[in-house]
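# A structural walkthrough
Listed below are the residues making up each chain.
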Amino acid sequence: MDGRERDNVTEIRIPFRDIDMHGHMHNAAYYAHAEAALSHLWRHRPSGVHEPAYLVRRSACVFHRGLRYDEPARFIVTVAKIGGSSVSFAVRVEAAGQLAAELEIVWVAVDRERHTPLPLPAATREWLGSYIL
């Protein structure tokens, strides 16, 4: 971990609460930390008066190796694909110079009251484009 902060990078040490009986991080904790990293990135988006709500449409994780207690890990969020009303985020989890996991999280923009899909706002779409793989 180099200590530099970037909008799309979150560095953590694996807390004891996330460790299972085999000494590895619980599977669900990868999602929790990936969502936190995505939240960190999302705070830097351009704000809009009529921004839609965003709901998770799909998520998946490929595990390469288990993270251990107090191990430094880096969660790197990029944009894999921008659709009409959806955005697919790729979260790469690295530790000790190795790939530990890869997550995909797909959000869809929806009307806040009816929860029907809406087009991504132009400013948000442009901002997301700067994080495409």
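Everything in this summary refers to the structure shown in the same document.

Reading the values: rules and limits
- Residues numbered from 1 in each chain as written.
- Predicted model: local features only at pLDDT ≥ 70, side-chain atom pairs only at ≥ 80, totals over all residues.
- Heavy atoms only, no water.
- Salt bridge = Lys/Arg side-chain N within 4 Å of Asp/Glu carboxyl O.
- Buried < 20%, exposed > 50% of the residue type's maximum accessible area, 1.4 Å probe, protein only.
- Helix = DSSP H or I, 4+ residues; strand = E, 2+ residues; numbered from the N terminus.
- Contact = heavy atoms within 4.5 Å.
- Expected span 1.5 Å × (residues − 1).
- Pairing = 2+ DSSP bridges.

## Thoughts on the pattern of salt bridges
- Applying the stated criterion to the full structure yields eight salt bridges.
- Here Asp18 makes a salt bridge to Arg17, at a shortest N to O gap of 3.5 Å.
- Here Arg92 ties to Glu94 by a salt bridge, and the two come within 2.7 Å at their closest N and O atoms.
- Look at Glu94 and you get partly exposed, because its relative accessible area is 23%.

## Some details on the side chain of Asn8
- As for its position among the elements, Asn8 is in the segment before strand E1 (9-13).
- By relative accessible area, Asn8 is classed as buried at 15%.
- In contact with Asn8, not counting residues within four places along its chain, are Leu41, Phe75, Ile76, Val77, Thr78 and Tyr131.

## Points about the environment of Ala37
- Within the fold, Ala37 resides in helix H1 (residues 27-42).
- Using a relative accessible area of 1% as the deciding quantity, one classes Ala37 as buried.
- With 38 residues separating them in the primary sequence, Ala37 and Phe75 have C-alpha atoms 6.4 Å apart.
- Ignoring anything within four residues of it in the chain, the contact list for Ala37 reads Thr10, Phe75 and Val77.

## Things to note about H1
- For H1, with 16 residues, the first-to-last C-alpha span of 23 Å sits near the 22 Å given by 1.5 Å per residue.
- Every buried residue belonging to H1 is among Ala29, Tyr30, His33, Ala34, Ala37, Leu38, His40, Leu41 and Trp42, and all of these are buried.
- Looking at the buried residues of H1, the elements they touch are E1, strand E2 (53-63), strand E3 (72-82), strand E4 (86-95), strand E5 (98-110) and helix H2 (122-129).

## What about the pairing of E3?
- In the sheet, E1 pairs with E3 via five bridges, with the strands oriented antiparallel. Bridge pairing in E3 places Thr10 opposite Phe75.
- Alignment of E3 against E4, held across eight bridges, turns out to be antiparallel. Looking at the pairing, Val79 lines up with Phe89 of E4.
- Counting the residues that bridge the hairpin from E3 to E4 gives three residues.

Limitation: the analysis is restricted to geometry and does not speak to function.
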